[in-house]
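Chains, contacts and geometry: an overview
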Protein chains: 2
Amino acid sequence: MISSMDNSKIKTLLKLKQSKYRKQEQEFIVEGTHLVSEARLANVLIEAYSIEEKDEYIQVSEAVMKKLCNTDTVVKELGLCRMLSKSNLSDKILILDGVQDPGNMGSLMRSACAFGFDTIFIGTGSVDIYNDKVIRSSQGAIFKLNFLFGNVCDFVKTLNHKVYGTNVVNGIPLKEVRKEEKIAIILGNEGNGISKEVNALGLDNIFIPMRNTESLNVAVAGSIILYEFGI
Amino acid sequence: MISSMDNSKIKTLLKLKQSKYRKQEQEFIVEGTHLVSEARLANVLIEAYSIEEKDEYIQVSEAVMKKLCNTDTVVKELGLCRMLSKSNLSDKILILDGVQDPGNMGSLMRSACAFGFDTIFIGTGSVDIYNDKVIRSSQGAIFKLNFLFGNVCDFVKTLNHKVYGTNVVNGIPLKEVRKEEKIAIILGNEGNGISKEVNALGLDNIFIPMRNTESLNVAVAGSIILYEFGI
């Protein structure tokens, strides 16, 4: 049983709490029994850790586990996972242009998974998807999707999908948008919406008709659109 | 300018950080210029506080303001508000049976407001809607809705609305549900869904068709349903 924080494995795991090490190592951590088994199913689990003595698990002390985890609740298992990225694109693509809130990012992953948007393009300026809060709120959807990363404008120019923005100005009401076979939806930042550069591409925009002039939470608005084009 | 934490007004405001005092006094606090002006528009603003010298504001020191607020960011204005509750019901009602996450609660308020569900029934066991995180994520929607509180089963029995649960077992696919004029939608707890007592009422259930067996975030699922019945 590992009980020392100086153990080299533990030191490596602790480093992975930082985004830059995750990127460098192409590895990340998931917390909790459910996510560890989802990671195993997805074939991305490198090593599993437990506070109990179990086959195929590296045992660590409760103090070490607590140090490794980000939640206040007691976590019994933890998984070290490898990042995977395939270059092939699904017919339905979700493009995130600066979504910053981990909860929104995780919720959007769940919705993308539920409605068949299997490729998510994570634009520069979005929150790190391997952040523990994102992983937690994704509820395992993170293992079922393919992620690509980079500049949204550059990516959009390479697509032969019909690409829609979600700028409310001059938008087409959601129910009136034609259901294309190959479609990509761009969602913007919580506060500022879609970036100027992306708006400058002159894409068609979708909007969701609402009473008053209220806006919706970006995960909610995005999910309603994914639902309409979904499955 | 008030600079002492011992000032009686400040002491009262500090007490309102606790749910039980909010309930007792029927008052709550909102943070930030935007929410203070929304509260004023909604005619529920009792007093406004600012770190600057301004007409119709009680000036407080920055240290006092920091103590009163729950965010790390600098807040310039704060409003003391009264709770309002009207007994009349809108044609569309959202019923929350144990929604616990403040972000979900706030998002659902925004969606309810956007899609015309002007009455929200907050069932026992749901998060306190006057919690600062709920108010923040409601983005002002909290001032445009009417809230009722109590036991969900008791409330449902008094309604002549068509009431739908959202238990996925034996549910009707959302797109096939008849659009009734008077409708109420019940959403359950993040982890456990709708409570046993409510399920025992034998209501019709709605479900959102999804690939795999993934579930959606409750604010997302709820908002998709409100959208379908909306405006």
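Notes on the structure in this doc start here. (Residues numbered from 1 in each chain as written. Chains lettered and ligands numbered in written order. Predicted model: local features only at pLDDT ≥ 70, side-chain atom pairs only at ≥ 80, totals over all residues. Heavy atoms only, no water.)

Below, the discussion takes up the overall build of chain A. Secondary structure summary: chain A contains nine helices and 11 strands in total. Whereas a compact globule of 231 residues would reach a radius of gyration of roughly 17 Å, chain A reaches 19 Å, a difference of no more than 12%. On the principal axes, the C-alpha backbone points of chain A span a range of 60 × 35 × 30 Å. Burial statistics for chain A: of 231 residues in total, 53% are counted as buried. Long-range pairs, those at least 24 residues apart, make up 75% of the contacts in chain A between residues at least 6 apart in sequence. About 10900 Å² of surface is accessible on chain A, with carbon and sulfur atoms providing 47% of the total. If the 27 positive side-chain charges of chain A are averaged to one point and the 28 negative ones to another, these points end up 2 Å apart. (Helix = DSSP H or I, 4+ residues; strand = E, 2+ residues; numbered from the N terminus. Rg over C-alpha atoms; globule rule 2.2 N^0.38 Å. Buried < 20%, exposed > 50% of the residue type's maximum accessible area, 1.4 Å probe, protein only. Contact = heavy atoms within 4.5 Å. Areas by Shrake-Rupley, 256 points an atom, 1.4 Å probe, with all protein chains shown as cover. Lys, Arg positive; Asp, Glu negative; His and termini not counted. Charge placed at Lys NZ, Arg CZ, Asp CG, Glu CD.)

Bringing the pattern of salt bridges into the picture now. By the definition in use, this model includes 22 salt bridges over all chains. The partner of R211 of chain A in a salt bridge is D118 of chain B, with the nearest N and O atoms 2.8 Å apart. On the criterion of chain membership, the pair formed by R211 of chain A in the loop between β11 (204-207) and α9 (218-228) and D118 of chain B in the loop between α5 (102-115) and β6 (119-123) is interchain, its members lying in two chains. For D118 of chain B, a relative accessible area of 25% puts it in the partly exposed group. Where D204 of chain B meets K162 of chain B, a salt bridge forms, and the shortest distance between an N and an O atom there is 2.8 Å. Pair noted here: D204 of chain B is in strand β11 (residues 204-207) and K162 of chain B is in strand β8 (residues 162-165), with a separation of 42 residues, a long-range link. By relative accessible area, K162 of chain B is classed as partly exposed at 27%. Salt bridges sharing partners connect three or more residues here, namely K175 and E228 of chain A together with K175 and E228 of chain B. (Salt bridge = Lys/Arg side-chain N within 4 Å of Asp/Glu carboxyl O.)

Attention shifts here to the nonpolar core. Counting 104 residues, the largest nonpolar core has M109 and I185 of chain A together with M109 and I185 of chain B as its most contacted members. For I185 of chain B, the contacting residues outside a window of four places in its chain are I93, L94, I95, F117, Y164, T166, I206, I225, L226 and F229 of chain B. I51, M65, V75 and L78 of chain B belong to the second-largest nonpolar core, a separate cluster that totals 16 residues. (Core = buried A, V, L, I, M, F, W, Y, C linked by side-chain atoms within 4.5 Å.)

Residues and elements named next belong to chain A. Among the six residues of strand β4 (residues 77-82), five are classified as buried, and the element is accordingly described as predominantly covered. Taken together, the five bridges between strand β1 (residues 27-31) and β4 define a ladder with antiparallel strand orientation. Each residue of the ladder has a partner; that of E27, found in β4, is R82. The pairing of strand β2 (residues 45-50) with β4 spans five bridges and is antiparallel. From the neighbouring strand, L45 faces β4, where its bridge partner is C81. (Pairing = 2+ DSSP bridges.)

For the rest of this paragraph, the subject is the interface of chain A and chain B. Each partner contributes residues to the interface: chain A has 28 residues there, and chain B has 28 residues. Between chain A and chain B, the buried area comes to about 2500 Å², and carbon and sulfur atoms account for 55% of it. On inspection of chain A and its partner chain B, the count reaches four salt bridges. Within the residue set of the side of chain A that touches chain B, elements represented by two or more residues are α5 (102-114) and α9 of chain A. The dominant element in the side of chain A that touches chain B, judged by the number of residues it contributes, is α9 of chain A, at six residues. (Buried area = accessible area lost by both parts, 1.4 Å probe.)

What follows covers unusual backbone geometry. A positive phi angle, close to 65°, is found at N43 of chain A, a residue other than glycine. You will see that Q139 of chain B, though not glycine, has its phi angle at about 55°, which is positive. By the secondary structure assignment, Q139 of chain B is in the loop between α6 (132-138) and β7 (146-150). Overall, Q139 of chain B belongs to the partly exposed group, its relative accessible area being 39%.

Turning next to the relation of the copies chain A and chain B. With an RMSD of 0.0 Å, the fit of chain A onto chain B corresponds to turning through 180° and sliding 0.0 Å along the axis. The symmetry that links the two subunits is that of a two-fold axis. In this assembly the copies share their binding face: 100% of the residues contributing to the interface of chain A also contribute to that of chain B. (Least-squares fit on C-alpha atoms with pLDDT ≥ 70 in both.)

This part is about α5 of chain A. Residues and elements named next belong to chain A. Over its 13 residues, α5 runs 18 Å from end to end, which matches the ideal 18 Å to within 8%, given 1.5 Å per residue. The opening residue of α5, the one whose side-chain oxygen lies 3.0 Å from the backbone nitrogen of G103, is D101. At the C-terminal side of α5, G116 shows a positive phi close to 85°. (Expected span 1.5 Å × (residues − 1). Polar contact = N/O pair within 3.5 Å; in protein donor to acceptor, adjacent residues only side chain to side chain.)

In this section: the environment of G79 of chain A. Residue and element names in this part refer to chain A. Structurally, G79 can be placed in strand β4. It is 5.9 Å that separates the C-alpha atoms of G79 and E47, two residues lying 32 residues apart in sequence. Residues contacting G79, with those up to four places away along its chain left out, are F28, I29, V30, V36, L45, E47 and A48.

This brings us to the sheet that holds strand β9 (residues 172-173) of chain A. All names here are of chain A. Pairing is parallel in the open sheet, where seven strands are placed in the order β7-β6-β5-β10-β8-β11-β9. Two strands bound the open sheet, and with one partner strand each, they are β7 (146-150) and β9. α5 contacts β5 (92-97), β6 (119-123), β7 and β10 (183-188) of the sheet and is inclined by roughly 170° relative to β5. (Axes fitted to C-alpha atoms, helices over the stretch in contact; angles between N-to-C directions.)

This paragraph deals with the packing of aromatic side chains. Scanning the model with the defined rule gives 10 aromatic pairs over all chains in all. Where F115 of chain A meets Y227 of chain A, the ring centres are 5.9 Å apart and the plane angle is 70°; that geometry is what we call edge-to-face. Of this pair, F115 of chain A sits in the loop between α5 and β6 while Y227 of chain A sits in helix α9, and the two are 112 residues apart along the sequence. We classify F115 of chain A as buried; its relative accessible area is 0%. Owing to a relative accessible area of 7%, Y227 of chain A belongs among the buried residues under this scheme. When the centroid spacing of 4.0 Å and the interplanar angle of 10° are considered together, the rings of F121 of chain A and F155 of chain A count as stacked. Note that F121 of chain A is positioned in strand β6 and F155 of chain A in helix α7 (residues 152-158), a separation of 34 residues in sequence. Taken as a pair, F121 of chain A and F155 of chain A share a single burial class, namely buried. Through a chain of ring-to-ring contacts, the aromatic side chains of F28, Y130 and F143 of chain A assemble into a single cluster. A cation sits over an aromatic face here: K54 of chain A above Y57 of chain A, 4.5 Å from the ring centre. Over the aromatic face of F229 of chain B sits the side chain of K179 of chain B, whose NZ or CZ is 5.1 Å from the ring centroid. (Phe/Tyr/Trp six-rings, centres within 6.5 Å; stacked < 30°, edge-to-face > 60°. Lys NZ or Arg CZ within 6 Å of the ring centre and 35° of its normal.)

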